[in-house]
Amino acid sequence: MAKSSVAAIDWITVLLFLLLVGFGWGNIYSASYENEAFSLTDFSQVYVKQAYWILLSIVLIVIIQAIEAKFYERFAGLIYVISIVSLLGLFVFGKTISGATSWYAFGPVRIQPSEFAKICTALALAKFLSDMQTNIKLVNHQLRAFLIIALPAIVIVPQPDPGSALVYAAFFFPLYREGLAAIYLIIGVSAAVLFVYTLLLGPFIIIIGSLLFIIGLLIPKVSSLHKERKTKIYLSISLLISLLVICYFVIQISSIKIALDGLHYYIELIIFGFLVTAFGIITGLLVEKKSFERQKLKYSGYIITLLVIIGFCFSVNYIFNNVFEQRHRDRFNIVLGKEVDAKGIGYNTNQSQIAIGSGGWIGKGWKEGTQTKGGFVPEQHTDYIFSTVGEEWGFLGGGMVIVLFVLLLIRLIHLAERQKNQFSRVYGYSVIGILFIHFAINIGMVTGLMPTIGIPLPFFSYGGSGLWGFTILLFIFVKLDANRVNEW
Amino acid sequence: MRKLLLYLIIVTTGVVFIARLFYLQIYNTSFIALSEDNAIKVIYDYPQRGAIYDRNGKLLVTNQPSYDVMVIPRELKPFDTLEFCSILNITKEKLKKSLKKARVYSPRVPSIVIPQLTKDEYAYLQEKMRKFEGFYIQKRSLRDYQTTYGANVLGYIGEVNESQIGKDPYYLSGDLIGIDGVEKKYEKTLRGIKGVKRIQKDRFNRDIGAYKNGRFDTLPVNGKDITITLDTKLQEYGQKLMENKRGGIVALEPSTGEILALVTAPSYKPELLVGRKRSANFTKLVYDTIAIPLFDRGLKAEYPPGSPFKTINALIGLQEGVIDTEESVSCRMGYYYGRRGQKLGCHSHRSPLSMIPGIANSCNAYFATVYRRIIEKYDTPQEGIEAWRKHVESFGLGHYLGNDLSAGRPGKVPTAKYYDKIYQYPKYKWYATATLSNAIGQGEVLSTPIQLANMTAAIANRGHYYTPHIIKAIDGKPVEFENYTKPKSTTINKEHFEPVIEGMHEVYTKGTASFLQVEGIDICGKTGTAENFTKIDGVKTQLTDHSVFIAFAPKENPKIALAVFIEHGYWGARYAGRIASLMIEKHLRDSISRTDIEDWILTHSLEEEYAKPYSGEPFKINQ
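I will try to describe carefully the structure that is included in this document.

Rules used in this analysis
- Residues numbered from 1 in each chain as written.
- Chains lettered and ligands numbered in written order.
- Predicted model: local features only at pLDDT ≥ 70, side-chain atom pairs only at ≥ 80, totals over all residues.
- Heavy atoms only, no water.
- Helix = DSSP H or I, 4+ residues; strand = E, 2+ residues; numbered from the N terminus.
- Contact = heavy atoms within 4.5 Å.
- Areas by Shrake-Rupley, 256 points an atom, 1.4 Å probe, with all protein chains shown as cover.
- Buried < 20%, exposed > 50% of the residue type's maximum accessible area, 1.4 Å probe, protein only.
- Core = buried A, V, L, I, M, F, W, Y, C linked by side-chain atoms within 4.5 Å.
- Phe/Tyr/Trp six-rings, centres within 6.5 Å; stacked < 30°, edge-to-face > 60°.
- 1 Å grid on protein atoms, 1.4 Å probe; cavity = no way out; pocket = protein on both sides within 12 Å on 5 of 7 lines; lining within 4 Å.
- Points joined across faces, edges and corners; volume = space filled by probe spheres on them.
- Nonpolar A, V, L, I, M, F, W, Y, C, P; charged D, E, K, R; others polar.
- Domains from an automatic or database assignment.
- Pairing = 2+ DSSP bridges.
- Axes fitted to C-alpha atoms, helices over the stretch in contact; angles between N-to-C directions.
- Parallel < 35°, antiparallel > 145°, perpendicular 65-115°, else oblique.
- Left-handed = near helix turned anticlockwise from the far one by under 90°.
- Disulfide = S-S within 2.5 Å.
- Buried area = accessible area lost by both parts, 1.4 Å probe.
- Salt bridge = Lys/Arg side-chain N within 4 Å of Asp/Glu carboxyl O.
- Patch = residues over 30% accessible without salt bridge, like charges linked within 9 Å, V, L, I, M, F, W, Y side chains within 5 Å.

**Here we look at the overall build of chain B**
Argument step 1. Scanning chain B from N- to C-terminus turns up 23 helices and 21 strands.
Argument step 2. Considering only residue pairs separated by 6 or more positions, chain B has 72% of its internal contacts joining residues 24 or more positions apart.
Argument step 3. When the accessible surface of chain B is totalled, it reaches about 28300 Å², and 51% of it is carbon and sulfur.

Structure follows, in structure tokens:
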């Protein structure tokens, strides 16, 4: 290991990592200790185990830094294959814990290979994209990249662990950064929005909404054929309307439950219609401006889009009602505010929100959380650890954790951008994507903004495999970054 | 460009999360209560309510254990209602009703289902309790009365009602509170402060230790014992004498204002309002609207004071200098006034009389003359009435006494304004003679027995009184509230009292109560016979006169001052005078020499008299 690369380690990242891990451990202690006597030798205590996992992960960090940076690039393919094999091996040798066959058990030590498969996939993707032969703009190469990403996810889903599989959506980050067309993002987001709103409002309103939207899209197109000078007026009007749209959606999101009953139903429906049309006009204007240079979309394109949307809405409805199991439906219904059963399926989310909500500005104090002490939030030291933060450290503590994560991610973008080596950059964006999706889904779930998807909060949640996985993931990138001084 | 979108996604997510945290933790405040509901069980530790002793240290009220069946509605599991009801001897409907009420009050706070089990019921139910999840038995203490007298003074305790809970957050549903008498007035002293224990629960509702290590827990503070000024022996004797009669006796110690006896008749036994039979008994007492046993006549009944009021007019006459002790006034079976020769009648006695025999013989003409001179001393009758009223009110009449009893009435002393209004001044004029019944304590003047007793104490003290009070000591330490230890002066100079007291003495030696003399005790008194009216079927009908008597003894250094009021007792000395004499002898000597009077009182009943207006038949009065 070259001396210069030790000096080049990004200590800001290391500091953020240590802060998160340290604060996380404090919260795991609070959420799990059973008696007042503090002991670091009582291995039945969760916090003791986590302390050793943390110590060992520091050893891991040192080892990772000691390994030659080129090693990761060179052996990415092999590592990827091993990880797929280890995932497949679960179907034969796996140990089933709370319904999911996701672990290998070696005596008292259990290892969850899916936590490591992310790293391997990130390395493999980085290797593939950084290959001189690869051009992400080619559909053929896009498919190969998707295959690399989808393979582990497909193997993980039937364990069953759909939450961990969902994490593979994280690889959108590097793909997009490396030049994947934005249309994939637009389609993905539109599909998600349509999915949620179809469940909320039923397919017909959404189809009518889509129709209005497309009509809105066409208005500037049609009118530009006649009088092109009026675009400025259109722009100013549509800016005003877009403000309204934003206000409307802010209101919708902040109240979460969308109350549509009685007179409100019709009023909201009309407003909804107007807004969707307006939104369409704005989008239409933007498209119109851009497509001056490129070829113009044909009317048939609009009609096909509408048909696709109609098909999508009905299939969402069908899949939700006929393919999903009740527990999946329940999870969505809770988040959509349609059915709240605080004692049954909604218990976790409800108790977690109570824990966070009762924290107030500064929280109840470390080890003073009544929700935490009473064990009201199941899985609190693992997936729901953030509810302990919220309860005992309040808005300040919870806000600080969020800020730390955002800072870490921004720092990592900064690091990724300064890589001269494409392998390092792709890997860096994979790390960002994985950490981000964990952060977003986990805190979204714990605060009741997203359906219950059981994935851990990086560096915070209890669990050896998880902590090691994230540590290795992050510190390989730190090593790659530190090694950039040797690149040229 | 592409980098920017990724930045934006990350920062937006962070902002949305912080906004969500703000909504959950700061904006929406309901979660704090929800988490307390979840995780904290509050247990109250009820302190012992203080005991009540009488002035001689006799224990009157203490506590006995009682057992309430409590329910926490949200912890209820289906149970065998039939068995539950049969153990407790209640109907299924009643159980359903009280469970519903408990649920409406709060599904998580314990409510009482069946209050105050007997020991036997408790023992039996205790064994079966495990079958009835959500129910538990709470031990509490009930009042245990060591006396059967003085219920009106002691008062009673009962469950707090919603409005009391609303007023004072200390109280929770099912808590006991003093509702009447000393129990009400000294509620805070007697009740103590309940202790609070907060217990941290886990999600299975198991206790997992004290909340915050008991930092917010408090220990119960036991209630303080109080000693009241009542002399139980005198109270008991008074209540015995008042059997079969209606009215009140108030006996004070003039030198302190302490209430020695406060008798109202009819009354009830205090133990009737304890335990499960309380509500049945209470209903019975409340619905007796004819005898109204819950109405403390000693404190609340406003009667015309009658002739005892003449003593006040005599004192005011002397103070205002409109008469002296020498001047005699003639009486021809009454006092004649006005152009049309109206008459204020009087009974037969020798004439003319000066002040002392005037009091002793209760001559109406004498006091009419004195009263008229008082009013007419001033330029207008309005000024006269106001001057007179100020003197009268200085004896504690016409307004609340400011005592520590749970009930009271102000009585009434008419003002000039009052007469202006009823005589429609200035359209019509009115003169002293229009208010002449004030001279003999009839007409517009009203007073309660305790006011009359206090007035007597002021005379006995020769010009001052101490506000009557019932509290003597708290936790054995004498109470020294300034309101009770500072004498209140009347507007009459001290020297004017002697002739009036001499007159009151002669009431016993030569006058209207001479047959009530007690050998060796110098009693001063004044009889009174108060006319009164009621409405029967909307017709104003006169009923048999009230028998009124005020007295104090001994004449020098008086030890007791009292007022006795017997409804429809016909004339002053007949009932009230007899009772007053017996009470005085009982208090001063602890034995009765005039057993003839005692026998007469104990054997005479006024129930027949009281039944007259309700008989529906024509009846004669004053027989």
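Now that the structure has been shown, we can carry on.
**Points about the overall build of chain A**
Argument step 1. The helix and strand tally for chain A stands at 20 helices and three strands.
Argument step 2. The burial tally for chain A puts 53% of its 488 residues in the buried class.
Argument step 3. In chain A, once contacts between residues fewer than 6 apart in sequence are set aside, the share between residues at least 24 apart is 73%.
Argument step 4. With the model as given, the accessible surface of chain A reaches about 23100 Å², and the carbon-plus-sulfur share is 71%.

**Focus: unusual backbone geometry**
Residues and elements named next belong to chain B.
Argument step 1. The linkage connecting Ser351 with the following residue, Pro352, adopts the cis geometry, with an omega of -5 degrees.
Argument step 2. Relative to the assigned elements, Pro352 resides in the loop between β14 (342-345) and α14 (355-361).
Argument step 3. Omega for the peptide link from Ala553 to Pro554 comes to -15 degrees, which places this bond in the cis form.
Argument step 4. Note that Pro554 resides in the loop between β20 (539-553) and β21 (560-566).
Argument step 5. Of note in this structure, Asp537 is not a glycine but carries a positive phi near 50 degrees.
Argument step 6. Along the polypeptide, Asp537 turns up in the loop between β19 (524-536) and β20.
Argument step 7. For Asp537, a relative accessible area of 77% puts it in the exposed group.

**What about the nonpolar core?**
Across soluble globular proteins, nonpolar side chains have a tendency to be buried as a group.
Argument step 1. If you look at the biggest cluster of nonpolar residues, it comprises 134 residues, and the most contacted ones within it are B:Ile228 and B:Trp388.
Argument step 2. Not counting the four nearest positions on each side in its chain, B:Trp388 is found in contact with B:Phe309, B:Asn313, B:Ile316, B:Tyr371, B:Ile374, B:Ile375, B:Val413, B:Pro414, B:Asn438 and B:Val445.
Argument step 3. Membership of the second largest hydrophobic core comes to 115 residues, among which are A:Ile432, A:Ile437, A:Ile472 and A:Val478.

**Digging into the packing of aromatic side chains**
Residue and element names in this part refer to chain A.
Argument step 1. Across all of its chains, the model carries 46 aromatic pairs over all chains by this definition.
Argument step 2. Ring geometry for Phe173 versus Phe436: centroids 5.4 Å apart, planes at 40 degrees, classification tilted. Of this pair, Phe173 sits in helix α9 (residues 172-177) while Phe436 is found in helix α19 (residues 422-446), placing the two residues 263 residues apart along the sequence.
Argument step 3. Look at Phe436 and you get buried, because its relative accessible area is 8%.
Argument step 4. Taken together, the aromatic side chains of Trp25, Tyr29, Tyr33, Tyr47 and Trp366 make up a single cluster linked through ring pairs.

**Details of empty space enclosed by the protein**
All names here are of chain B.
Argument step 1. Per the stated rule, a full pass over the model turns up five cavities of 30 Å³ or more.
Argument step 2. Here the largest cavity defines a volume of roughly 70 Å³.
Argument step 3. Forming the walls of the largest cavity are Asn152, Asp180, Tyr268, Pro293, Leu294, Asp296, Leu299, Lys300, Ser406 and Ala407.
Argument step 4. Here the residues of the lining of the largest cavity are counted per class, giving five nonpolar, two polar and three charged.
Argument step 5. Of all the secondary-structure elements, those providing two or more residues to the lining of the second largest cavity are β5 (135-145) and β6 (157-159).
Argument step 6. Counting residues per element, the lining of the second largest cavity draws most heavily on β5, at three residues.
Argument step 7. Its residues assigned to classes, the lining of the second largest cavity comprises six nonpolar, three polar and two charged.
Argument step 8. Built from parts of two domains, the lining of the second largest cavity gets at least three residues from each of domain 1 (41-190 + 197-228) and domain 2 (232-615).

**As for the sheet that holds strand β9 (residues 207-210) of chain B**
Residue and element names in this part refer to chain B.
Argument step 1. Sheet architecture is open: three strands sit in the order β1-β8-β9, paired in antiparallel fashion. Edge positions in the open sheet fall to β1 (40-45) and β9, since each of these has one partner strand only. Each strand axis lies, on average, 35 degrees off the axis of its neighbour in the sheet, ignoring direction.
Argument step 2. Relative to β9, strand β8 (residues 195-201) runs antiparallel, the two being bridged by two bridges. Within the sheet, the bridge partner assigned to Ile199 lies in β9 and is Ala210.
Argument step 3. Contacts between helix α2 (residues 30-39) and the sheet are confined to β1 and β8, with β1 contributing the most and set at about 65 degrees to the helix.

**Considering the packing of helix α5 (residues 76-93) of chain A against helix α6 (residues 113-130) of chain A**
All names here are of chain A.
Argument step 1. In contact at an axis separation of 8 Å, α5 and α6 are set at 150 degrees when each is read in the N-to-C sense. Our classification of the angle between α5 and α6 gives roughly antiparallel. For the pair α5 and α6, the sense of crossing is left-handed. Taking contact as the criterion, the partners of Ala76, Ile79, Tyr80, Ser83, Ser86, Leu87 and Leu90 in α5 are, on α6, Pro113, Ser114, Ala117, Cys120, Thr121, Leu123, Ala124 and Lys127.
Argument step 2. Considering only residue class, the contact of α5 with α6 consists of ten nonpolar, four polar and one charged.

**Here we look at the packing of helix α3 (residues 46-66) of chain A against helix α20 (residues 464-482) of chain A**
All names here are of chain A.
Argument step 1. Contact geometry for α3 and α20: axes closest at 9 Å, N-to-C directions at 25 degrees. Between α3 and α20, the angle is such that the two are roughly parallel. Of the two possible hands of crossing, α3 and α20 adopt the one that is right-handed. Where α3 abuts α20, its residues Gln50, Trp53, Ile54, Leu56, Ser57, Leu60, Ile61, Ile64 and Gln65 lie against Gly464, Leu467, Trp468, Thr471, Ile472, Phe475, Ile476, Val478 and Lys479.

**Some thoughts on the state of the cysteines**
Argument step 1. Considering all chains together, one arrives at zero disulfides over all chains under this definition.
Argument step 2. Considering cysteine sulfurs only, B:Cys331 is the nearest to B:Cys363, which forms no disulfide, with 3.8 Å between them.

**Topic: the interface of chain A and chain B**
Argument step 1. Listed by partner, the interface residues are 51 residues for chain A and 34 residues for chain B.
Argument step 2. Between chain A and chain B, a total of about 3800 Å² is buried, with carbon and sulfur atoms accounting for 72% of that surface.
Argument step 3. It is A:Tyr176, A:Thr370 and A:Phe395 that lose the most area in chain A upon contact with chain B, and together they represent 15% of the buried surface on that side.
Argument step 4. Taken together, the connections running from chain A to chain B amount to zero salt bridges.
Argument step 5. Partitioned by chemical class, the residues of the side of chain A that touches chain B number 27 nonpolar, 19 polar and five charged.

**Describing the sheet that holds strand β1 (residues 95-97) of chain A**
Residue and element names in this part refer to chain A.
Argument step 1. Judged by pairing direction, the sheet is antiparallel, and its three strands sit side by side in the order β1-β2-β3 without closing on themselves. Only two strands of the sheet have a single partner each, and these edge strands are β1 and β3 (109-111). Neighbouring strand axes in the sheet, compared pairwise and without regard to direction, differ in orientation by 50 degrees on average.
Argument step 2. Here three bridges tie strand β2 (residues 100-106) to β3, and the two strands are oriented antiparallel to one another. Counted as the bridge partner of Tyr104 is Ile111 from β3.

**Overview of the pattern of salt bridges**
Argument step 1. Per the stated rule, a full pass over the model turns up 37 salt bridges over all chains.
Argument step 2. Across the pair B:Arg462 and B:Glu556 runs a salt bridge whose closest N-O atoms are separated by 3.5 Å. Residue B:Arg462 is located in the loop between α18 (449-460) and β15 (464-465), and its partner B:Glu556 is located in the loop between β20 and β21; the two are separated by 94 residues in the primary sequence.
Argument step 3. Linking B:Glu609 and B:Lys612 is a salt bridge whose minimum nitrogen-to-oxygen distance equals 3.3 Å. Residue B:Glu609 and its partner B:Lys612 are both found in helix α23 (residues 607-615); the two are separated by three residues, about one turn of the helix.
Argument step 4. Salt bridges linked by common partners bring A:Asp10, A:Arg411, A:Arg418, A:Asp481 and A:Arg484 together as one network.

**Description of the environment of A:Gly398**
Argument step 1. Within the element layout of this structure, A:Gly398 appears in helix α18 (residues 385-417).
Argument step 2. On a C-alpha basis, the gap between A:Gly398 and A:Ile362 in space is 9.3 Å, while along the polypeptide they are 36 residues apart.
Argument step 3. In contact with A:Gly398, other than residues within four places in its own chain, are A:Phe386, A:Val389 and B:Leu21.

**Thoughts on a nonpolar patch on the surface**
Residue and element names in this part refer to chain A.
Argument step 1. Taken together, the side chains of Leu18, Phe38, Leu40, Phe43, Tyr52, Leu55, Ile58 and Val62 make up a nonpolar region of the molecular surface, amounting to roughly 760 Å² of accessible area.
Argument step 2. Take the nonpolar patch: its biggest share by element is four residues, from α3.
Argument step 3. Structurally, the position occupied by Tyr52 is in helix α3.

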